[in-house]
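# Observations on the model geometry
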Amino acid sequence: QVQLVESGGGLVQAGGSLRLSCVASGTTFSINAMGWYRQAPGKPRELVAIITSSGRLNYADSVKGRFTISRDNAENTVDLQMNSLKPEDTAVYYCNAIRSVSGLYYPYWGQGTQVTVSS
């Protein structure tokens, strides 16, 4: 099992910055990808950014150029630096980790942290 704990959410004005952090514990040796998803009220959960253990990156088009994901494999942490925040970035942000075991993939989720961007 993998446990994920997020921190760093909060309230910020449009144009501001926030940094989210997530630390994984438990059976972390088989974690492949780590990333961030978000869910706004009335909308489905969507990918924000993801990074694999080899450093491959993927960002949602809506955050490219504004958000940066980084990962420390030794510390089992993944951070999301969010700059130039917009009101439409308001959502609950969830940390995600995917374990790879014998060709099967198991997703794990944190409890979420609220990000609110005021206009």
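Coordinates for the structure precede this section.
Attention here is on the structure that accompanies the text. (Residues numbered from 1 in each chain as written. Predicted model: local features only at pLDDT ≥ 70, side-chain atom pairs only at ≥ 80, totals over all residues. Heavy atoms only, no water.)

### Describing the overall build of the protein chain
Which entries qualify depends on this criterion: Strands are runs of DSSP state E lasting at least two residues, helices are runs of H or I lasting at least four, and both sets are numbered from the N terminus onward. For a compact globule the rule gives 2.2 Å times the number of residues to the power 0.38, and the radius of gyration it is set against comes from C-alpha atoms. Partly exposed residues are those whose accessible area sits between 20% and 50% of the maximum for their type, while under 20% is buried and over 50% is exposed, using a 1.4 Å probe and protein chains only.
Along its length, the protein chain carries zero helices and eleven strands. When the helices and strands of the protein chain are placed in sequence order, the string is β-β-β-β-β-β-β-β-β-β-β. Scaling as 2.2 N^0.38, a compact globule of 119 residues should have a C-alpha radius of gyration of about 14 Å, and the protein chain matches this with 14 Å. With the principal axes as the frame, the protein chain shows a C-alpha extent of 45 × 25 × 20 Å. When the 119 residues of the protein chain are sorted by exposure, 40% land in the buried category.

### Topic: the nonpolar core
Quick reminder of the rule: Each nonpolar core is a collection of buried residues, namely Ala, Val, Leu, Ile, Met, Phe, Trp, Tyr and Cys, held together in the definition by side-chain atoms within 4.5 Å. Contacts: residue pairs with any heavy atoms within 4.5 Å of one another.
Ranked by internal contacts, the top residues of the largest apolar core, which has 30 residues, are Leu-4, Trp-36, Leu-80, Met-82 and Tyr-93. Only β1 (2-7), β3 (18-26), β4 (31-39), β5 (46-51), β7 (67-72), β8 (77-82), β9 (91-101) and β11 (113-118) provide two or more residues apiece to this core. If sequence neighbours within four positions are ignored, Tyr-93 has contacts with Glu-6, Leu-20, Trp-36, Tyr-37, Arg-38, Val-48, Phe-67, Leu-80, Met-82, Gly-112, Thr-113 and Val-115.

### Concerning unusual backbone geometry
In the Ramachandran plot, Asn-76 falls in the positive-phi region, its phi being about 55 degrees despite a non-glycine side chain. Relative to the helices and strands, Asn-76 resides in the loop between β7 and β8. Backbone geometry at Ser-102 places phi at a positive 55 degrees, although glycine is not the residue there. Note that Ser-102 resides in the loop between β9 and β10 (104-109). Relative accessible area serves as the criterion here: at 75%, Ser-102 is assigned to the exposed category.

### As for the pairing of β8
Defined as follows: What makes two strands pair is DSSP finding at least two bridges between them.
Bridge count between β3 and β8: six bridges; the pairing is antiparallel. Pairing of Leu-18 across the sheet is with Met-82, part of β8. Bridge count between β7 and β8: six bridges; the pairing is antiparallel. From the neighbouring strand, Arg-71 faces β8, where its bridge partner is Val-78. What sits between β7 and β8 in their antiparallel hairpin is a turn of four residues, with Asn-76 showing a positive phi close to 55 degrees.

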